[in-house]
Each structure stands twice: as structure tokens, then as C-alpha cells.
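An overview of the molecular structure
Take a look at the letters that make up each chain.
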Amino acid sequence: NSSDLSPSFILASIPGLEAAQSWMAIPLCSAYVLAVTGNCAVLLVVRLEPSLHAPMYFFLCMLAAIDLALATATVPRTLSFYWFDSREISFGACLLQMFLIHTLSAIESTVLLAMAVDRYVAICHPLRHAAILTNAATAKIGLLAVARGVLFFLPLPLLLLPLPFCGSRVLSHSFCLHQDVMNLACANTTPSVVYGLTAILLVMGLDAVLICLSYILILKAVLRLAAWRERLKVFSTCIAHICVVLAFYVPLIGLSVVHRFGKDLAPLVHIIMGNIYILVPAVLHPIIYGVRTKQIQRRIL
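Here goes a summary of the coordinates provided. (Residues numbered from 1 in each chain as written. Predicted model: local features only at pLDDT ≥ 70, side-chain atom pairs only at ≥ 80, totals over all residues. Heavy atoms only, no water.)

What the protein chain contains, in helices and strands, is 12 helices and two strands. The order of α-helices and β-strands along the protein chain, N terminus first, is β-α-α-β-α-α-α-α-α-α-α-α-α-α. By its C-alpha atoms, the protein chain is 70 × 40 × 35 Å across when sized along the principal axes. At a minimum sequence separation of 6, the contacts of the protein chain that also span at least 24 residues come to 80%. Within the protein chain, one finds 19 positive and 12 negative side-chain charges whose respective centroids are separated by 16 Å. (Helix = DSSP H or I, 4+ residues; strand = E, 2+ residues; numbered from the N terminus. Contact = heavy atoms within 4.5 Å. Lys, Arg positive; Asp, Glu negative; His and termini not counted. Charge placed at Lys NZ, Arg CZ, Asp CG, Glu CD.)

Attention now moves to the packing of helix H10 (residues 239-261) against helix H11 (residues 267-292). With their axes 9 Å apart at the nearest point, H10 and H11 run at an angle of 180 degrees to one another. Judged by the inter-axis angle, H10 sits roughly antiparallel to H11. Partitioning the contact of H10 with H11 into residue classes produces 19 nonpolar, five polar and one charged. (Axes fitted to C-alpha atoms, helices over the stretch in contact; angles between N-to-C directions. Parallel < 35°, antiparallel > 145°, perpendicular 65-115°, else oblique. Nonpolar A, V, L, I, M, F, W, Y, C, P; charged D, E, K, R; others polar.)

Describing an aromatic ring pair means giving the distance of the ring centres and the angle of the ring planes. A complete count under the given rule lists five aromatic pairs for this structure. A centroid spacing of 4.9 Å and a plane angle of 85 degrees characterise the contact between Phe 248 and Tyr 249, whose relative ring orientation is edge-to-face. Considered together, Phe 248 and Tyr 249 belong to a single accessibility category, that of buried residues. Among the aromatic residues, ring-to-ring pairing joins Phe 9, Phe 91 and Phe 165 into one connected group. Taking NZ or CZ as reference, Arg 231 lies 4.6 Å from the ring centre of Trp 228, over its face. (Phe/Tyr/Trp six-rings, centres within 6.5 Å; stacked < 30°, edge-to-face > 60°. Buried < 20%, exposed > 50% of the residue type's maximum accessible area, 1.4 Å probe, protein only. Lys NZ or Arg CZ within 6 Å of the ring centre and 35° of its normal.)

A few words on helix H5 (residues 135-153). Relative to the 27 Å expected for 19 residues at 1.5 Å per residue, H5 spans 27 Å between its end C-alpha atoms, a close match to the ideal helical length. Every buried residue belonging to H5 is among Ala 137, Thr 138, Gly 142, Ala 145, Arg 148, Gly 149 and Phe 153, and all of these are buried. Buried residues in H5, looked at end-on, bunch into an arc of 145 degrees, giving them a common side. Turned more than 90 degrees off the buried face of H5, the exposed positions are Lys 140, Leu 143, Leu 144 and Leu 151. Buried residues in H5 make contact with helix H2 (55-84), helix H3 (91-124), helix H4 (129-132), helix H6 (155-160) and helix H8 (190-223). (Expected span 1.5 Å × (residues − 1). Arc of directions from axis to C-beta.)

On to the state of the cysteines, then. A complete count under the given rule lists two disulfides for this structure. Covalently, Cys 94 is tied to Cys 176 through a disulfide, its sulfur atoms 2.0 Å apart. Between Cys 94 and Cys 176, the S-S dihedral sits near -120 degrees, and the bridge is therefore left-handed. Taken together, the residues Cys 94 in helix H3 and Cys 176 in the loop between H6 and helix H7 (178-182) connect sequence positions 82 residues apart. The buried category is assigned to Cys 94, whose relative accessible area is 0%. With a sulfur-sulfur separation of 2.0 Å, Cys 166 is cross-linked through a disulfide to Cys 186. Linking Cys 166 in the loop between H6 and H7 with Cys 186 in the loop between H7 and H8, this pair joins segments that are 20 residues apart in sequence. A relative accessible area of 38% means that Cys 166 is categorised as partly exposed. (Disulfide = S-S within 2.5 Å.)

Glancing now at the side chain of Ser 80. Counting through the fold element by element, Ser 80 comes out in helix H2. According to the relative accessible area criterion, Ser 80 is buried, its value standing at 19%. Only 2.7 Å separates the side chain of Ser 80 from the backbone oxygen of Arg 77, close enough to count as a polar contact. Ignoring sequence-local partners within four residues, the contact set of Ser 80 consists of Asp 85 and Ser 86. (Polar contact = N/O pair within 3.5 Å; in protein donor to acceptor, adjacent residues only side chain to side chain.)

Read these as geometric descriptors, not functional statements.
Below, the structure written as C-alpha cells:
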């Protein structure tokens, strides 16, 4: 009915495997438990270890909190679908979930940029690092990241709110994403398309460019050092952050490519890429920093 402005949507299932979806939820649940455990451990360790009360690890706590929120905003709802066959999601709940996913991703991208700047200042201007990145400055950056994410991505659900949905209401994922919901509207979605693309480019795209620029400057500073051993020692302080950046941006780019060019792909590909985008960063981030940071290792043991 084209007059229905507040429809419900149907979460995607894998054709032919509906009977086995309760078993398929087991690895998803395991990954979620691992993500929650790992990120809670990071938060607790940084809280209890005085030697980690530094900007880099405060940013790591922000990253852990964002990963917890992002996974919790999606995975429990997905598990209820797999285990209790609760496939229907209301229009309001879908818009809220979509807003949380995109906003939290934008906040995470900003925090990753702040961590890159922290590495740049620590390596290229070590004597000024403590004066520039104080605890107060770190808190302000965190608040700025939240404000930036909310301001840029709050219009996305507002642009979808007045659209009619009169055709298929089956989503491509087991949670709500902007482009996925927008494609189901039976009206002109040009403003939503233009704004969504602009927001992505001005937040995630700009952050990725600035992160690359910061590492170009770091690499130039490292190459000025005389000894190779000293170069490797200095650059090794950036390895964990580089891995965290890749764990965030590679699934994000992969999901974007699937949305743009993968209309003919099997539904399984869309569902797997969506789950990778949500869970892989949340699982890998605490593992990466746990392996690379001796204080975190010791405190966990």
C-alpha cells in the first residue's frame, strides 16, 4: 500500500538454509561474545593500569566503547532473528539501528584519525607531545568525534522518514543500512543518495586521506634516522594502529563495493560482508593491542 509511510521491513535470510540458520548463529554469537569480552578487558585494563593513562590508550578505550556499542546495536537483534525467527523489524527500530550503525562508524573513523595524529606528534614532535595531547585535549577530541558523527549522519533517517515503501520490503542484510533501506523506497531518493555519499566522503573518505598523509609524514621522519634498527624501533610503535585502521577500513570498503556493484551476487555474500563489517573490527582491535602492548598482556594475565 503506497499510503503506508511507516512500514515494517523483513531482515534477510539465506535462501535454502532457513532450517539451518539456528546453527549458523553459533559462530556469530561466539564472535559477539569474544568482541564483548575483549573490549571490556581493554577498558578494565586501561582503567586499572596507571602506566596506560595516556592519550593513545584513552583513544583505545574510546575505540573499545564504540565497538561494544556497534556490535550490541546489531548482533542481539540478528541473533533473535536466527534463533526465534523474528524477521520483522519496525520502521522506527530500523531507522534507529541505521542511525546508530552509521554514526558509530563515523565516530570510530574520527578516533582512528586522532590516533594517527597522536602517532605523528609522538614521532615527529616528541618534545611537544605531552603539551599538545593532554588529557583535556583528548576528552575534547572524543566529544568532537561524537558531535561530528551525530551532525553528519542524523539527516540520513530524517530523509528516509517521509518516503513511501510500496514494493518489496526485504532487506539485503540482517540489520538496517541506509543504502539498503533507501533502495526499497518507491519515490525519488536523489536527495538521500547525494547526502549519503557526501557524508561518507566528508567523514570516512577525508579521515582515510588524512590518516595516509600522517603516515607519509611519519615515514619521512623515520627515514631521516641513521640506523635501520632505530628506524624499525620507532616505526614499530605504529604497527598496532595501522592494523586497527586496516581492520576498520577494509570491511567498510568491501561492504561499499558489494552495495555498489554486487547486485547480482548471492544473498550469502551480502550477509557475510555485513557481519564482517560489524564484528571483525570489534573482535580484532583488542587482540591487536593485546598482542602489541606488554602492559595489557601482563595485566590480563
